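The primary structure of each chain is shown beneath.
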Amino acid sequence: MSFEAATRPPHMKQITAQISVSLDGYAAAPGQSREHPLGRGGLRLHEWLFATDSWGSRHGETGGERNVDAEVVAELTAGIGAYVMGRRMFGGGEGDWDPEWIGWWGEDPPWHTPVFVLTHHPREPLVMKGGTTFHFVTDGLDAALDAARQAAGDADVAVAGGASAVRQCLAAGRLDSLWLHVVPIVLGGGTPLFDDELDVALRPVKVVAAPTVTHIRYEVGR
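Residues numbered from 1 in each chain as written. Predicted model: local features only at pLDDT ≥ 70, side-chain atom pairs only at ≥ 80, totals over all residues. Heavy atoms only, no water.

### With respect to the environment of aspartate 96
Within the secondary structure layout, aspartate 96 lies in the loop between α4 (87-90) and β4 (114-118). You can call aspartate 96 exposed: its relative accessible area is 63%. Along the chain, aspartate 96 and proline 204 lie 108 residues apart, while their C-alpha atoms are 40 Å from each other. Setting aside residues no more than four positions away along its own chain, aspartate 96 makes contact with Arg87 and His121. Only 3.1 Å separates the side chain of aspartate 96 from the side chain of histidine 121, close enough to count as a polar contact. (Helix = DSSP H or I, 4+ residues; strand = E, 2+ residues; numbered from the N terminus. Buried < 20%, exposed > 50% of the residue type's maximum accessible area, 1.4 Å probe, protein only. Contact = heavy atoms within 4.5 Å. Polar contact = N/O pair within 3.5 Å; in protein donor to acceptor, adjacent residues only side chain to side chain.)

### Quick word on the nonpolar core
Ranked by internal contacts, the top residues of the largest apolar core, which has 30 residues, are Ile19, Val84, Val159, Val166 and Leu175. For this core, the elements supplying multiple residues, two or more each, are β1 (15-22), β3 (80-85), β4, α5 (141-152), β7 (156-161), α6 (163-172), β8 (177-183) and β11 (214-220). By size, the runner-up hydrophobic cluster in this structure holds 16 residues, among which are Met85, Val117, Phe134 and Ala158. (Core = buried A, V, L, I, M, F, W, Y, C linked by side-chain atoms within 4.5 Å.)

### Structural notes on the packing of aromatic side chains
Per the counting criterion, the structure on display carries nine aromatic pairs. With a centroid separation of 5.4 Å and 80° between ring planes, the pair formed by phenylalanine 90 and phenylalanine 136 is classed as edge-to-face. With phenylalanine 90 in helix α4 and phenylalanine 136 in strand β6 (residues 133-137), this residue pair connects regions lying 46 residues apart in the sequence. You'll find phenylalanine 90 and phenylalanine 136 in the same group, each marked buried. Judged by centre distance (6.1 Å) and plane angle (20°), the ring pair of tryptophan 105 and phenylalanine 134 falls under stacked. Of this pair, tryptophan 105 sits in the loop between α4 and β4 while phenylalanine 134 sits in strand β6, placing them 29 residues apart in sequence. Side by side, tryptophan 105 and phenylalanine 134 carry an identical accessibility label, which is buried. The lysine or arginine in question, arginine 87, covers the ring of tryptophan 97, its NZ or CZ lying 3.6 Å from the ring centre. (Phe/Tyr/Trp six-rings, centres within 6.5 Å; stacked < 30°, edge-to-face > 60°. Lys NZ or Arg CZ within 6 Å of the ring centre and 35° of its normal.)

### Quick word on the environment of leucine 126
Relative to the assigned elements, leucine 126 resides in strand β5 (residues 126-127). Through-space distance from the C-alpha of leucine 126 to that of valine 182 is 33 Å; in sequence the pair is 56 residues apart. The residues contacting leucine 126, other than those within four sequence positions of it, are Phe90, Trp101, Ile102, Thr132, Thr133, Phe134 and Phe136.

### As for unusual backbone geometry
A cis geometry characterises the amide bond from glycine 161 onward to glycine 162, with omega recorded as -5°. Counting through the fold element by element, glycine 162 comes out in the loop between β7 and α6. The phi dihedral of histidine 112 is positive, around 60°, even though this residue is not glycine. Relative to the helices and strands, histidine 112 is located in the loop between α4 and β4. The class of histidine 112 is partly exposed, set by a relative accessible area of 36%.

Okay, here's the thing in structure tokens:
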């Protein structure tokens, strides 16, 4: 496959994504559940993130390390006007919604923007503290991305995960850039980011090496 980057005016909003993966390509470990949202042992994929001051500040906490990982987090979260995420990223189980479930993050989620959740089950919007409102989209990926673009105004749209949502965006040709945070662990199974049916061209444009993770930003071809 030849690589042809998308051409757009400098002011055009982008759709970006970022996700942590193991060396063998999994974004979550086996055994995902409400008690283990990333599977058994899957939290190891995000230990680098939890240690940063960027993560803490988005959750209203102080402390954490100001290191190269924190600088990457600050870069990839800057200028985001809306998010899109999958049903499993928001959580709450399968099927009809549990009205008591408001997401993994409590009453003040870290997004601080409109968030559009992909789902097959309707639900009224959830208005949370800190500027986050969850909108539940039942019309598919394109409808969610288009609504997020509208809500974001002149800012970018970010796909927050999980693996299925990112994979769908890649397959549909809707992503402009993708950050992969490659963690040097082997999970041996779980939820893969890529599968055999996904045909996509990625060109690395930035690599940031850190002690416990390697951050790679890819430009997505058309």
